[in-house]
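Topology and contacts: notes
What follows is the residue order along each chain.
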Amino acid sequence: MDMAYYKQKLLNLQAELQLADESSKEAASTVALDQTRVGRLSRMDALQGQAMSKATRQRRELELQRIAVALKHIESGDYGYCMECGEEIAPARLDIDPATPLCINCASKRDI
């Protein structure tokens, strides 16, 4: 398994997520309460947009944590092995999601 390839792939994904997080901070900011400037429906739209932005940011943060764990596993030599059963994770699975901690069998068992 080419660890340098997966490390670079993880670093690129990490940089992309951090950039997206920086650019979306304004969308998650507090919605103004002044209804003289914005009507109720517009305010409701803004609140919904804020909630969606916060949820997206939480998913990004979770993905960044998964990437950080995967990078630590590369450094320790444990990368590419299932955290549950210890079997090697298929390279095709790692190509799709380089931060995945589980082989397809263990991931399937969790989804049931």
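Notes on the structure follow.

Cut-off values and rules
- Residues numbered from 1 in each chain as written.
- Predicted model: local features only at pLDDT ≥ 70, side-chain atom pairs only at ≥ 80, totals over all residues.
- Heavy atoms only, no water.
- Disulfide = S-S within 2.5 Å.
- Buried < 20%, exposed > 50% of the residue type's maximum accessible area, 1.4 Å probe, protein only.
- Phe/Tyr/Trp six-rings, centres within 6.5 Å; stacked < 30°, edge-to-face > 60°.
- Helix = DSSP H or I, 4+ residues; strand = E, 2+ residues; numbered from the N terminus.
- Contact = heavy atoms within 4.5 Å.
- Expected span 1.5 Å × (residues − 1).
- Arc of directions from axis to C-beta.

Enumeration according to the criterion identifies zero disulfides in this entry. Of all cysteine sulfurs in the structure, the one in C106 sits closest to C103, which takes part in no disulfide; the separation is 3.7 Å. Between C106, a free cysteine, and C82, which holds the nearest cysteine sulfur, the sulfur-to-sulfur gap is 3.7 Å. When its relative accessible area of 4% is taken as the criterion, C106 is described as buried.

The subject of this paragraph is the packing of aromatic side chains. The final tally for this structure, using the stated rule, is two aromatic pairs. A ring pair is formed by Y5 and Y6, whose centres lie 5.0 Å apart and whose planes are at 70°; its orientation type is edge-to-face. Take Y5: its relative accessible area is 39%, and that puts it in the partly exposed class. Judged by relative accessible area, which is 4%, Y6 ranks as buried. Between Y6 and Y79 the ring centres are 5.7 Å apart and the planes differ by 45°, which places this aromatic pair in the tilted class. With Y6 in helix α1 (residues 3–23) and Y79 in the loop between α2 (40–76) and α3 (91–96), the pair connects residues that are 73 residues apart, well separated along the chain.

A word on the side chain of R60. Among the secondary structure elements, R60 is positioned in helix α2. Residue classification places R60 among the buried residues on the basis of a relative accessible area of 15%. Excluding residues within four positions of it along the chain, R60 makes contact with L17, A20, D21 and S24.

It is worth spelling out α1 at this point. Spanning 21 residues, α1 covers 30 Å between terminal C-alpha atoms, matching the ideal 30 Å at 1.5 Å per step. What α1 keeps buried is the set Y6, L10, Q14, L17 and D21. Summarising the axial view, the buried residues of α1 lie within an arc of 75°, below the 170-degree limit, and thus occupy one face. Exposed residues lying more than 90 degrees from the buried face of α1 are A4, E16, L19, E22 and S23.

Right, let's get into the side chain of Q14. Structurally, the position occupied by Q14 is in helix α1. Residue contacts for Q14: discarding those within four places in its chain leaves L64, I67 and L71.

This paragraph deals with the environment of K9. Tracing the sequence through the fold places K9 in helix α1. Accessibility expressed as a relative area gives 25% for K9, which makes it partly exposed. C-alpha of K9 to C-alpha of D97: the two residues are 88 residues apart in sequence and 9.7 Å apart in space. Look past the residues within four positions of K9 in its chain and what remains in contact with it is D95 and P98.

These figures capture arrangement, not role.
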